[in-house]
Amino acid sequence: LNVASSSLIVILTLWISMAQVVSQEDRERTTALKDLLSRIDLDELMKKDEPPFTFPETLEEFEYAFNENGQLRHIRTGEPFVFNAREDLHRWNQKRYEALGEIITQYVYGLLETQCNMTRVYLPVDPAEGEPCSFIYVTKDALSNPSKLLVLIQGSGVVRAGQWARRLIINQDLNSGTQIPFITRAIQEGYGVMVLNPNENYLEIEKPETTSSPLGALDEQLEEPAEKKERKDDKEGSKKKEFYEKYRNPQKEAETERIPIRDNGSSEEHVLYVWDHFVSGAAAKNVFIVAHSYGGLSFVELMNQREAEVKHKVCAVALTDSAHNIWLQDTTKTTQDWMQQNCCNWVSSPEPLDTPLDSMLPDCPRVSAGTEKHELTSWMSFDSIFHFFNEVLEAQEYEESQETSSSVTTRSGSHKSKHQDL
């Protein structure tokens, strides 16, 4: 019995010792994992084992092309663009999408130049040698057309001249995502056209890699007490290093520096600059504006800065889901009254197209764009916008004819009186 009791005690002692060892190992692993997570962001953990960020530079290399309906399709399978080309690699998929977006931007520029016969005009108009520049697109008669000028202002984000929404271009078609249908119809109806580029605000250059100075590293070592360094080395034990080695360093993106484009460092600055240097001096008797999303805010800011000029030159403004706010932008009562008479805002709504909607702000009438998707509002209200412009022109022509008729009547009456007097 004593032998059995002794054996049992020994077994229990060994079991407790083993449990303590296991528990100690678990604690060490837990501590190491906590330490790891405190050093590495969870998003960073998702970046391990990423393929290189090297992507095709042309649509053909991407194996995509636009078909006869303006839809982006894979040249072999005929399938639409697939965002998740690689599972569980969201950052890589996003970078691939952005690379395709840059190609799309250049593709749309090409369409503006070849299909719409537009040319680039660079900003600022008086650049110094080597100074960063932006540009807009204009038709040949944009400044000389005596009758009508259409100015297109896009929203904010990655979109550039000629685009309403990159996502629509890639996932739907060119008609819905670009400004080309507006440009084509405007040209057919006798407008000069000017396409603004409010998001091209800076030149982005890559920063040179900086290498740490050996003297700097030596200074750091001298500043750190020896005992503290030893404790830190002990803490970074072999078991912790095993955890760290499971996650190799993710790809580091090149650091860049942004050099702003003079007088065009924001959408608001860009719209004001184009107005001062181009639109205000254009020959057109009637200027029409289509402004989407943040472009609407930029237009209202233009009114705040050039109220009298805008009222004198602009005939009508079509806003599409505009981001403006007359209270936050501190617009005057006279600007609000002018917008009420000369602007219309097609907003995202489940109501049928052109359904009048209540407005919480006393700025301009709001009607439904016939879609609940913000980025689709410009395309869905396309026909309604040109109908709105034509109605404004017809009303103006009628008023002018009435004034002319009244003037003729007055003059003939005046002649008659003089004749009778004689």
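What you see is a predicted model; the values in this text were computed from it and never measured. (Residues numbered from 1 in each chain as written. Predicted model: local features only at pLDDT ≥ 70, side-chain atom pairs only at ≥ 80, totals over all residues. Heavy atoms only, no water.)

**Student:** Can you walk me through the overall build of the chain in this structure?
**Tutor:** For the chain, the count of helices and strands is 16 helices and 13 strands. In the chain, which comprises 422 residues, the proportion classed as buried is 39%. Pairs at least 24 residues apart make up 72% of the contacts formed inside the chain by residues separated by at least 6 positions. (Helix = DSSP H or I, 4+ residues; strand = E, 2+ residues; numbered from the N terminus. Buried < 20%, exposed > 50% of the residue type's maximum accessible area, 1.4 Å probe, protein only. Contact = heavy atoms within 4.5 Å.)

**Student:** Could you clarify how one ought to interpret the packing of helix H11 (residues 267-277) against helix H12 (residues 294-305) in this entry?
**Tutor:** Two numbers describe a pair of packed helices, the interaxial angle and the distance between the axes. Taken N-terminus to C-terminus, the directions of H11 and H12 make an angle of 55 degrees; their axes are 9 Å apart at the nearest point. Between H11 and H12, the crossing angle belongs to the class labelled oblique. Here the hand of the crossing between H11 and H12 comes out right-handed. Contacts between H11 and H12 involve Ser267, Glu268, Val271, Leu272 and Trp275 from the former and Tyr294, Leu297, Ser298, Glu301, Leu302 and Gln305 from the latter. Along the lines of polarity and charge, the residues of the contact of H11 with H12 split into 6 nonpolar, 3 polar and 2 charged. (Axes fitted to C-alpha atoms, helices over the stretch in contact; angles between N-to-C directions. Parallel < 35°, antiparallel > 145°, perpendicular 65-115°, else oblique. Left-handed = near helix turned anticlockwise from the far one by under 90°. Nonpolar A, V, L, I, M, F, W, Y, C, P; charged D, E, K, R; others polar.)

**Student:** Hey, could you run me through helix H14 (residues 333-342) in this one?
**Tutor:** Note: α-helices contain 3.6 residues per turn, so residues at a spacing of three or four share the same orientation. Buried residues of H14: Thr335, Gln336, Trp338, Met339 and Asn342, and no others. Viewed along the axis of H14, the buried residues span an arc of 165 degrees, placing them on a single side of the element. Pointing more than 90 degrees away from the buried face of H14 are the exposed residues Lys333 and Gln341. (Arc of directions from axis to C-beta.)

**Student:** Please explain the nonpolar core as it appears in this structure.
**Tutor:** A general feature of soluble globular proteins is that nonpolar side chains tend to end up buried together. Within the largest apolar cluster, 52 residues are counted, with the highest numbers of intra-cluster contacts made by Leu150, Val290 and Phe389. Among the elements that make up this core, the one with the highest residue count is helix H4 (residues 90-114) (10 residues). Apart from residues lying up to four places away in sequence, Leu150 is in contact with Phe182, Ala186, Tyr191, Gly192, Val193, Met194, Phe288, Ile289, Val290, Phe386 and Phe389. (Core = buried A, V, L, I, M, F, W, Y, C linked by side-chain atoms within 4.5 Å.)

**Student:** I'm lost on the pairing of strand S6 (residues 191-195) in this one. Help?
**Tutor:** The two faces of the sheet receive side chains in turn, since in a regular strand these alternate between them. Within S6, 5 of the 5 residues are buried, which leaves it mostly tucked inside the rest of the structure. Here S6 shows no split at all, with Tyr191, Val193 and Val195 on one side and Gly192 and Met194 on the other all buried. In this sheet, S6 lies alongside strand S4 (residues 134-138) in antiparallel orientation, the contact comprising 2 bridges. Paired with Tyr137 across the two strands is Val195, which belongs to S6. Here strand S5 (residues 148-153) pairs with S6 via 5 bridges, running parallel. Its bridge partner lying in S6, Val151 is registered against Met194. (Pairing = 2+ DSSP bridges.)

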